[in-house]
Amino acid sequence: MIHCEGLVKIYKTDDIEVVALQGLNIAVTQGEMMAIIGNSGSGKSTLLNILGGLDRPSAGQVQVGEWNLLKITDEELVQYKRKTVGFIWQNNARNLVPYLTALENVEMPMMLSGSYDRPYAKQLLEWVGLKERMNNKLQQLSGGEQQRVAIAIALSNKPSLLLADEPTGSVDTRTSDLIMDIFRRLNRELGVTVVIVTHDMALAGKVDRVVAIRDGMTSTEFVKRNASLDRAAGEPAASSIHEAH
């Protein structure tokens, strides 16, 4: 699903050059649920922005499904963002329109892409546990409920890849567990590939694989034993993690 090789991202201004990614290699298989961890400034959010089509790579290879994100045109990039990828921000304000209801927020990207489907929008809100709240305005929803609306919005274009940037960073532990359970269900039942960027190692026990990024390069991988077997059985995987270099 994702193949990055020697991925480089350089940000340039008039008098300074910052190398955010310097030869990063990573591969993600279709249907995988994984987390990318790293300290602030490690390059993990830059990687997510490139995979989400929000930023352009400077060099190297980055392939997502059929799309070559290094050579993609602006027109193709619009189609990529509409058809392949869903994005969830840590800051709800970047996902949501405050004066609309939860349902209207999910319907809006459908209208913009010409694929309006109210029954599916309602189904998405039911999937994230908001069946009774879909006609509420955003200010009537808690932070955790708003984040679940954001997840439904990210799924409105039926993406094969779901990207989440610190999706549990601004909610309490109980809501964080609920959001991770939603991701796992979507991953298992819909086959959506899920990539989560986080600095929270507690999430490591809730995904199939954890990749650590340091100084713009992949440094370490943690792979959960029997993750695929556990997922096939519909059971939470064992919490034991072994380190793979």
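Being a predicted model, the structure only gives us computed values, none of them experimental. (Residues numbered from 1 in each chain as written. Predicted model: local features only at pLDDT ≥ 70, side-chain atom pairs only at ≥ 80, totals over all residues. Heavy atoms only, no water.)

## Comments concerning the packing of helix α3 (residues 102-112) against helix α4 (residues 118-127)
Applicable threshold: Throughout, an axis means a line fitted to C-alpha atoms (over the contacting stretch in the case of helices), and angles, computed between N-to-C directions, take values from 0 to 180 degrees. Every helix listed is a DSSP run of H or I at least four residues long, and every strand listed is a run of E at least two residues long, numbered separately from the N terminus. Should an angle fall under 35 degrees it is taken as roughly parallel, and over 145 as roughly antiparallel, whereas 65 to 115 is taken as roughly perpendicular and any remaining angle as oblique. Rotating anticlockwise by less than a right angle from the far helix to the near helix defines a left-handed crossing, while the corresponding clockwise rotation defines a right-handed one. Throughout, a contact is declared for two residues whenever any of their heavy atoms are within 4.5 Å. Residue polarity is assigned by list, with Asp, Glu, Lys and Arg as charged and Ala, Val, Leu, Ile, Met, Phe, Trp, Tyr, Cys and Pro as nonpolar; anything else, Gly included, falls into the polar class.
Relative orientation of the contacting elements α3 and α4 amounts to 130°, with a least axis distance of 9 Å. One element, α3, and the other, α4, form an angle in the oblique class. Pair α3 / α4 crosses with right-handed handedness. Residues Ala102, Leu103, Val106, Glu107 and Met110 of α3 pack against Arg118, Tyr120, Ala121, Lys122, Leu124 and Leu125 of α4. Tallied by class, the residues present in the contact of α3 with α4 amount to eight nonpolar, no polar and three charged.

## What about the nonpolar core?
Note the following rule: We call a set of buried residues a nonpolar core when its members are Ala, Val, Leu, Ile, Met, Phe, Trp, Tyr or Cys and they connect through side-chain atoms within 4.5 Å of each other. Here the term buried applies to any residue with accessible area under 20% of the maximum for its type, exposed to any over 50%, and partly exposed to those in between, with areas from a 1.4 Å probe on protein chains only.
Core analysis: the largest hydrophobic core is formed by 40 residues, its most contacted members being Leu125, Val149, Ile151, Phe183 and Ile196. At the level of elements, β3 (33-37), α3, α4, α5 (143-154), β7 (161-165), α6 (173-190), β8 (193-198) and β9 (209-214) are the ones that each hand at least two residues to this core. No other element matches α5, which puts six residues into this core. Beyond its immediate sequence surroundings of up to four residues, Val149 is in contact with Leu96, Ala102, Asn105, Val106, Leu125, Leu130 and Leu141.

## Looking at the pattern of salt bridges
To keep things clear, this is the line we draw: What makes a salt bridge here is a side-chain nitrogen of Lys or Arg within 4 Å of a carboxyl oxygen of Asp or Glu, nothing more.
Applying the stated criterion across every chain yields a total of nine salt bridges. Put simply, Arg118 and Glu107 hold a salt bridge, and the shortest N to O gap is 2.5 Å. On the criterion of sequence distance, the pair formed by Arg118 in helix α4 and Glu107 in helix α3 is long-range, its members being eleven residues apart. Measuring nitrogen to oxygen at the nearest pair gives 3.1 Å for the salt bridge that ties Asp208 to Arg184. Placement of the pair is Asp208 in the loop between β8 and β9 and Arg184 in helix α6, with a sequence separation of 24 residues. Overall, Asp208 belongs to the buried group, its relative accessible area being 7%.

## Focus: the packing of aromatic side chains
Stated formally: Centres within 6.5 Å make a pair out of two Phe, Tyr or Trp rings, where for Trp the six-membered ring is used; the pair is then stacked when the planes are under 30 degrees apart, edge-to-face when over 60, and tilted otherwise. For a ring to carry a charge above it, either NZ of a lysine or CZ of an arginine must fall within 6 Å of the ring centroid while also lying within 35 degrees of the normal to the ring plane.
Using the criterion set out here, one finds three aromatic pairs in the structure. When the centroid spacing of 4.6 Å and the interplanar angle of 35° are considered together, the rings of Phe87 and Trp89 count as tilted. Taking relative accessible area as the criterion, Phe87 reaches 14% and is therefore assigned buried. Measuring from ring centre to ring centre gives 6.2 Å for Tyr120 and Trp127, while their planes differ by 85°; the resulting arrangement is edge-to-face. When the ring centre of Tyr11 is taken as reference, the NZ or CZ atom of Lys9 above it lies at 5.0 Å. We note Lys158 situated over the ring of Tyr120; from NZ or CZ to the ring centre the distance is 4.7 Å.

## With respect to α3
Burial in α3 covers these residues: Ala102, Leu103, Asn105, Val106, Glu107 and Met110. Contacts made by the buried residues of α3 are with α4 and α5. Backbone geometry just downstream of α3 places Gly114 in the positive-phi region, at approximately 75°.

## Some words on the pairing of strand β1 (residues 2-12)
Every regular strand shows the same layout, with side chains that alternate between the two sheet faces. Basically, it comes down to this: Between any two strands, at least two bridges found by DSSP are needed for them to pair.
Looking at chain direction, β1 and strand β2 (residues 17-28) are connected through nine bridges and run antiparallel. Following the sheet pairing, Leu7 is matched in β2 by Leu24. Of the strand pairs in this sheet, β1 and strand β4 (residues 59-64) are connected by five bridges, and their pairing is antiparallel. Its bridge partner lying in β4, Glu5 is registered against Gln61.

## Some points on the confidence of the model for the protein chain
Formally: pLDDT is a residue-level measure of predictor confidence that goes from 0 to 100.
In this model, the protein chain carries an average pLDDT of 84, and 88% of its residues clear a pLDDT of 70 or more. Taken as a whole, residues 225-245 scores under 50 in pLDDT and shows 33 contacts with residues more than four places along the chain or in a different chain.

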